[in-house]
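Next come the chains, spelled out residue by residue.
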Amino acid sequence: MASANHKRLVIPGPVEVRPEILQAQTEWMIGHRTKAFEELFARLQDKLRRAFFTQSRVFVHGSSGTGMWEGASRNCIRDGKKALHLVGGSFSERWAEISQLNGKQIDVINVEWGQPHRPEMVAEALKKETYDAVCVVHNETSTGVTNPIKDIAAVVRPYEDTLLLVDSVSGFLGAELRVDEWGLDMALTSSQKAFALPPGLAFAAISDRVLERAKQVSNRGYYFDFVEIEASLKKNNTPATPPVSLMFAADKQLDDVMAETVEKRWARHLQMREMTTTWAEAREFGVFAAKGYWSPTITCVANGRNINVDDMAKFMGGKGFSMDKGYGKIKGKTFRIAHMGDMQPTELETILAGLDEFIGQ
Ligand SMILES: *Cc1c(COP(=O)(O)O)cnc(C)c1O
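Being a predicted model, the structure only gives us computed values, none of them experimental. (Residues numbered from 1 in each chain as written. Predicted model: local features only at pLDDT ≥ 70, side-chain atom pairs only at ≥ 80, totals over all residues. Heavy atoms only, no water.)

Details of unusual backbone geometry
Right, so step 1: Of note, the amide linkage connecting glycine 13 to proline 14 takes the cis form, showing an omega dihedral of -5°.
Right, so step 2: Looking at the secondary structure, you find proline 14 in the loop between strand S1 (8-9) and helix H1 (19-24).
Right, so step 3: Phi at leucine 173 takes a positive value of approximately 70°, unusual for a residue other than glycine.
Right, so step 4: Mapped onto the elements of the fold, leucine 173 is located in the loop between strand S8 (163-167) and helix H7 (179-182).
Right, so step 5: At asparagine 219, a residue that is not glycine, the phi angle is positive and equals roughly 55°.
Right, so step 6: For asparagine 219, the location among the structural elements is in the loop between helix H8 (208-215) and helix H9 (226-233).
Right, so step 7: You can call asparagine 219 exposed: its relative accessible area is 63%. (Helix = DSSP H or I, 4+ residues; strand = E, 2+ residues; numbered from the N terminus. Buried < 20%, exposed > 50% of the residue type's maximum accessible area, 1.4 Å probe, protein only.)

Below you can see the structure in the form of structure tokens.
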């Protein structure tokens with residue numbers, strides 16, 4: 001299949017996709033206004049609700065996660081109202097920028113990169129100002145911090161007009177996320193991170209409150225109009241032509257996720273976090289993220305040994321692995337090991353052994 005010189009992806013997205021999943025995309029094409037498509041959509045809907053732990057609905061949209069950010073900002077923040085963005089890394093920073101580029105007013109709680117957002121910070125901000133939405137990144141992929149979403153939600157929930165919008169692009173199906181139980185209004189993700197699918201699909205669990213809000217917002221545009229997407233979803237369909245092949249792959253992947261069980265998948269990721277952070281500390285690299293908030297899906301290794309990350313990536317490339325060299329303003333000072341998706345602890349062992357060989361341990 002395909003080219004012979006494949007390097008396994010250890011970068012934080014796109015991640016390695018199993019051959020069976022790639023193969024599922026070669027199913028014969030079907031029209032999206034057919035019974036067969038409606039059945040595919042309904043199957044996905046059922047499994048996605050279980051994966052997000054929600055009874056409401058999960059949008060399936062042909063775009064990357066960035067598109068869903070734009071949808072969230074456009075549909076959930078009214079004219080003359082504000083959103084509160086929690087910013088602590090490249091991705092949370094970009095979402096805040098996207099709200100502004102869509103003409104929305106925002107306030108920002110900035111934390112130093114590597115630090116989490118604590119619920120007390122959010123509580124304080126909500127006492128001072130009224131917000132249409134709080135926007136938070138579950139798993140900040142640039143720094144390897146997982147935010148305490150459940151505790152932040154507990155603070156936001158008493159404010160009836162404030163929606164809680166969560167980016168779980170690199171968390172979903174790797175880090176614990178319970179949409180209904182925690183009271184999240186929106187949890188968005190894309191296909192190519194911990195979901196371990198090829199890029200091109202975005203997913204979002206959407207509460208009734210989000211849809212009520214969307215109806216009160218003018219200029220929602222069309223491609224990410226949540227009211228329009230919901231009207232189609234009720235008919236097991238999408239407003240525009242979706243990436244059908246990717247949906248075949250998602251259908252297969254969700255069967256495999258359900259067979260493993262979501263809880264065991266979370267546990268496997270915690271095990272891989274433990275392996276990676278233990279390794280980084282034992283080799284005196286260090287872990288960039290604040291202790292207690294280490295991500296189950298990605299470890300941002302502090303470059304305490306000051307290795308040349310380009311040489312490291314070249315060395316690991318020779319062993320058949322494609323490595324990350326850090327992201328944004330901490331590139332080189334850190335490098336990230338993605339342990340997400342369908343990676344197994346045995347493969348991670350091989351990767352860490354390769355890194356040991358590089359540093360001469
Ligand atoms: C990758 C990523 C995004 C952007 O998603 P795309 O699918 O690349 O558009 C957003 N948020 C987080 C936390 C990410 O890791």
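Some thoughts on the site of the ligand
Right, so step 1: Around the ligand, a shell composed of 14 residues is seen, among which Ser64, Thr66, Thr141, Asp167 and Lys193 lie nearest.
Right, so step 2: Between the ligand and serine 64, the relevant distance is 2.5 Å, taken from an oxygen atom to a side-chain nitrogen or oxygen of the residue.
Right, so step 3: A distance of 2.7 Å separates an oxygen atom of the ligand from a polar backbone atom of glycine 65.
Right, so step 4: Relative to its free-state accessible area of 380 Å², the ligand is covered by the protein chains to the extent of 91%.
Right, so step 5: Counting residues per element, the shell around the ligand draws most heavily on helix H3 (residues 65-76), at three residues.
Right, so step 6: Tallied by class, residues from the shell around the ligand come to four nonpolar, eight polar and two charged. (Near = heavy atom within 4 Å. Polar contact = N/O pair within 3.5 Å; in protein donor to acceptor, adjacent residues only side chain to side chain. Areas by Shrake-Rupley, 256 points an atom, 1.4 Å probe, with all protein chains shown as cover. Nonpolar A, V, L, I, M, F, W, Y, C, P; charged D, E, K, R; others polar.)

Some points on the pattern of salt bridges
Right, so step 1: Counted by the stated rule, this structure contains 30 salt bridges.
Right, so step 2: With a shortest N-O distance of 3.8 Å, lysine 128 and glutamate 124 are connected by a salt bridge. Of this pair, lysine 128 and glutamate 124 both sit in helix H5 (residues 119-128), separated by four residues, roughly a single helical turn.
Right, so step 3: Residue arginine 265 pairs with aspartate 342 through a salt bridge whose shortest N-O separation is 3.0 Å. (Salt bridge = Lys/Arg side-chain N within 4 Å of Asp/Glu carboxyl O.)

Things to note about H3
Right, so step 1: Under the 1.5 Å per step criterion, the end-to-end length of H3 is 16 Å for 12 residues, consistent within 8% with the ideal 16 Å.
Right, so step 2: In terms of burial, H3 is largely enclosed, as nine of its 12 residues are buried.
Right, so step 3: Buried within H3 we find Gly65, Gly67, Met68, Trp69, Gly71, Ala72, Ser73, Asn75 and Cys76. (Expected span 1.5 Å × (residues − 1).)

With respect to the packing of aromatic side chains
Right, so step 1: Within the structure shown, the criterion is met by 12 aromatic pairs.
Right, so step 2: Of the aromatic side chains, those joined through ring pairs into one cluster are Phe52, Phe172, Phe195 and Phe203.
Right, so step 3: The positively charged end of arginine 178 is found above the aromatic ring belonging to phenylalanine 53, 5.0 Å away from the centroid.
Right, so step 4: Between arginine 305 and the ring centre of phenylalanine 285, over which it is positioned, the NZ or CZ distance is 5.8 Å. (Phe/Tyr/Trp six-rings, centres within 6.5 Å; stacked < 30°, edge-to-face > 60°. Lys NZ or Arg CZ within 6 Å of the ring centre and 35° of its normal.)

Looking at the domain arrangement of the chain
Right, so step 1: Taken domain by domain, the chain comprises domain 1 (8-16 + 262-359) and domain 2 (19-258).
Right, so step 2: Inter-centroid distance (C-alpha atoms) of domain 1 to domain 2 is 26 Å.
Right, so step 3: Contact residues are listed per partner, giving 28 residues for domain 1 and 35 residues for domain 2.
Right, so step 4: Carbon and sulfur atoms make up 62% of the area that domain 1 and domain 2 hide from each other, which totals about 2500 Å².
Right, so step 5: Between domain 1 and domain 2 we count zero salt bridges in total.
Right, so step 6: Our count for the domain 1 to domain 2 interface comes out at 14 residue pairs in polar contact (both at pLDDT 80 or more).
Right, so step 7: Put simply, the parts of the chain that give the side of domain 1 that touches domain 2 at least two residues each are helix H11 (262-282) and strand S11 (298-302).
Right, so step 8: The leading source of residues in the side of domain 1 that touches domain 2 is H11, at five residues.
Right, so step 9: A breakdown of the residues in the side of domain 1 that touches domain 2 according to their chemical character gives 16 nonpolar, six polar and six charged. (Domains from an automatic or database assignment. Contact = heavy atoms within 4.5 Å. Buried area = accessible area lost by both parts, 1.4 Å probe.)

Describing the pairing of strand S4 (residues 105-110)
Right, so step 1: Pairing between strand S3 (residues 82-87) and S4: six bridges, direction parallel. Directly across from valine 87, in S4, lies its bridge partner asparagine 110.
Right, so step 2: Assessed by its sense of winding, the connection that carries the chain from S3 through helix H4 (residues 90-101) to S4 is right-handed. (Pairing = 2+ DSSP bridges. Right-handed = clockwise from strand over helix to strand, strands pointing away.)

Considering the nonpolar core
Right, so step 1: The biggest cluster of nonpolar side chains holds 79 residues, and the ones touching the most others in it are Phe52, Met186, Phe203 and Phe226.
Right, so step 2: Apart from residues lying up to four places away in sequence, phenylalanine 52 is in contact with Val58, Phe172, Leu177, Arg178, Val179, Ala187, Thr189, Phe203 and Ala205.
Right, so step 3: With 26 residues, the next largest nonpolar core counts Met272, Val287, Met316 and Phe321 among its residues. (Core = buried A, V, L, I, M, F, W, Y, C linked by side-chain atoms within 4.5 Å.)

A closer look at the packing of H3 against H4
Right, so step 1: Their axes nearest at 9 Å, the elements H3 and H4 cross at an angle of 50°. In terms of their interaxial angle, H3 and H4 are classed as oblique. Of the two elements, H3 crosses H4, and the hand of that crossing is right-handed. Between H3 and H4, the contacting residues are Thr66, Trp69, Glu70, Ala72 and Ser73 on the first element and Phe91, Arg94, Trp95, Ile98 and Ser99 on the second.
Right, so step 2: When grouped by side-chain class, the residues that make up the contact of H3 with H4 number five nonpolar, three polar and two charged. (Axes fitted to C-alpha atoms, helices over the stretch in contact; angles between N-to-C directions. Parallel < 35°, antiparallel > 145°, perpendicular 65-115°, else oblique. Left-handed = near helix turned anticlockwise from the far one by under 90°.)

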